[in-house]
Amino acid sequence: MNFIKAIVAAGMVAASTSAFAADITGAGATFPFPIYSKWADAYKKDTGNGLNYQSIGSGAGIKQIQAKTVTFGATDAPLKAEQLEKDGLVQWPMVMGAIVPVVNVEGIKPGELVLSGEVLGDIYLGKITKWNDAAIAKLNPKLTLPGDAITVVRRSDGSGTTFNFTDYLAKSNADWKSKVGSGTAVEWPVGVGAKGNEGVAGNISQTKNAIGYVEYAYAKQNKLTYTALVNKAGKTVQPTIAAFQAAASNADWAKAPGYYVILTDQPGEASWPITAATFILMHKDSTDKAASQEALKFFKYAFEKGDKAAEELDYIPMPDSVVKLIEKTWSSDIKS
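Residues numbered from 1 in each chain as written. Predicted model: local features only at pLDDT ≥ 70, side-chain atom pairs only at ≥ 80, totals over all residues. Heavy atoms only, no water.

S.K.: Honestly, the packing of helix α5 (residues 117–125) against helix α7 (residues 160–172) in this entry has me stumped. Any pointers?
M.R.: For any two helices packed against each other, one specifies the crossing angle of their axes together with the interaxial distance. Running from amino to carboxyl end, α5 crosses α7 at an angle of 110 degrees, the nearest separation of the two axes being 8 Å. The angle between the axes of α5 and α7 places the two elements in the roughly perpendicular class. Regarding α5 and α7, the two cross each other, and that crossing is left-handed. Residues Gly117, Glu118, Leu120, Gly121 and Tyr124 of α5 lie in contact with α7, whose contacting residues are Phe165, Tyr168, Leu169 and Ser172. Class assignment of the residues belonging to the contact of α5 with α7 gives a composition of five nonpolar, three polar and one charged. (Axes fitted to C-alpha atoms, helices over the stretch in contact; angles between N-to-C directions. Helix = DSSP H or I, 4+ residues; strand = E, 2+ residues; numbered from the N terminus. Parallel < 35°, antiparallel > 145°, perpendicular 65-115°, else oblique. Left-handed = near helix turned anticlockwise from the far one by under 90°. Contact = heavy atoms within 4.5 Å. Nonpolar A, V, L, I, M, F, W, Y, C, P; charged D, E, K, R; others polar.)

S.K.: I keep staring at the pairing of strand β3 (residues 72–75) and nothing clicks. Help me out?
M.R.: Working note: regular strand, side chains alternate between the two faces of the sheet. Residue alternation in β3 divides its side chains into two sets, Phe72 and Ala74 and Gly73 and Thr75, and both sets are buried. Examined bridge by bridge, strand β1 (residues 24–28) and β3 share three bridges and lie parallel to one another. Of the residues in β3, the one forming a bridge with glycine 26 is phenylalanine 72. Alignment of β3 against strand β12 (residues 275–283), held across three bridges, turns out to be antiparallel. Across the sheet, residue alanine 74 finds its bridge partner in β12, namely isoleucine 280. (Buried < 20%, exposed > 50% of the residue type's maximum accessible area, 1.4 Å probe, protein only. Pairing = 2+ DSSP bridges.)

S.K.: I keep staring at the packing of helix α12 (residues 289–305) against helix α14 (residues 320–333) and nothing clicks. Help me out?
M.R.: Orientation of α12 relative to α14, taken along the N-to-C sense of each, is 170 degrees, at an axis distance of 12 Å. As judged from the angle between their axes, α12 and α14 are roughly antiparallel. In this structure, α12 uses Leu296, Phe299, Lys300 and Phe303 to contact α14, whose residues at the interface are Val323, Ile326, Glu327 and Trp330.

S.K.: Honestly, helix α2 (residues 33–47) in this entry has me stumped. Any pointers?
M.R.: The periodicity of an α-helix, 3.6 residues per turn, causes residues three or four places apart in sequence to face the same way. The end-to-end C-alpha distance of α2 is 20 Å, a good match for the 21 Å that 15 residues give at a rise of 1.5 Å each. Every buried residue of α2 is listed here: Phe33, Pro34, Ile35, Tyr36, Ser37, Trp39, Ala40 and Tyr43. One or two positions beyond α2, positive phi appears at glycine 48, with a value near 85 degrees. (Expected span 1.5 Å × (residues − 1).)

S.K.: Would you mind showing me how to read the pattern of salt bridges here?
M.R.: Two side chains bearing opposite charge may form a pair once their charged atoms approach each other closely. Within the structure shown, the criterion is met by 16 salt bridges. When the shortest N-O distance is used, the salt bridge between lysine 45 and aspartate 41 registers 3.4 Å. With a gap of four residues between them, lysine 45 and aspartate 41 both fall in helix α2, about one helical turn apart. The exposure class assigned to aspartate 41 is partly exposed, which follows from its relative accessible area of 38%. (Salt bridge = Lys/Arg side-chain N within 4 Å of Asp/Glu carboxyl O.)

S.K.: Just to check I follow, could you spell out the nonpolar core for this structure?
M.R.: One recurring pattern in soluble globular proteins: nonpolar side chains tend to sit buried together. Judged by nonpolar contacts, the single largest core of 97 residues is most densely connected at Trp39, Trp92, Tyr124, Ile136, Ile211, Trp253 and Phe299. By residue number, the principal contributor to this core is strand β4 (residues 89–104), which donates ten residues. With sequence-adjacent residues up to four places away left out, isoleucine 211 is seen in contact with Val102, Val103, Leu115, Leu120, Ile123, Tyr124, Trp131, Ile150, Thr151, Val152, Val153 and Ile204. Counting eight residues, the second-largest nonpolar core is a separate cluster that includes Ala27, Val70, Leu79 and Leu84. (Core = buried A, V, L, I, M, F, W, Y, C linked by side-chain atoms within 4.5 Å.)

Just distances and angles here, no functional claims.
In C-alpha cells form, the structure reads like this:
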C-alpha cells in the first residue's frame, strides 16, 4: 500500500470511528494531510476519540468553515484580519512545511536539477517550453538536458499550496506578477490541472518530462524528483529541514494580526524560498461547543506530543513561544 493510500485509509478509519466518540470534523488543505492523519491516528490510540478530516483543498476548507458544516477549516492561505472579523473566525498556524518543484525527467536525480523563481515563472507562463532551454541550461552546466517539451502540471482546485507557490513566483518573476499574480486559484497560462497535492504527485509520477509543485512530504514519500532552488540571497539550496527552519526563523508571529505571515522568499543564505505555514480556522462562538472544545484538545495534544511525528514527515513544528501565544488566543477568543 503506497503512502497516499495508507493515509487515506487512516482518514477513513478516523471518520468511521469519530461518530461513536467525540465528533471532530475538519476539512481543507491537502498540504498538512499527511501530518494531520498521523496525529489523528496517535490521538485515537491515546484517547479513543477520532477525527474526520477531509483533504479537499484550502479554498473548499474555507467555504466549509464559513458555512459551519465542520468544526474547523484548514488553509495554507491565511485569511486577513478583516475577513476573520467578518466571518467570526479565529485563525492560527498549526505547523510549517515547504513546497518543492518536482520533475519527471529521465536521468535526473532528486536535488540535481537547479531552478530559480525567474525560470519557474517562465515555465509556468509558457515562455520556456523545452528542458534544454538556455535559461535552464545556464543554471545546470553539468547536466545533460533533453530537448523534450515540458509538461506543466498545476492545481485545478482552490489551493493554499498554489497560493504560496504563486506568491513566490510573483516575488521572483516580474512578468508573472503583472500577468498572473498570486492566489488560491489563478488564471494559469499553461498546464494540466490536478486535484490536491495527491493529484499533482500522482500526475508527475506518471508523466514523462513533467514539472509540478507539491508539499515536501508528498515528494519524499512518493519518491518524486524534487529540484534545488536559487534563493533570495542567490544561493543554491536543497529542500531540507534546516533550510525550512532558516526561512521560518524570520517570522514575527507575535505582531501579525490573525497570525497572518507569508514565509515565501525569506532572506538568509540558507533559507528555502517556498516555505509555508498551514492554518486552522474555527468559529469564535461555535454552535457545537462540545465539538469545538474537543477539537482544541486535539490541537493541544498535537502541539504537546506531535513534534517528533511532524519532523519525521519533514514538517517544522511551531516554536514553543508561538504555541503559548496560540493557547492564549484560544482562551481569549473561543467561547466554551
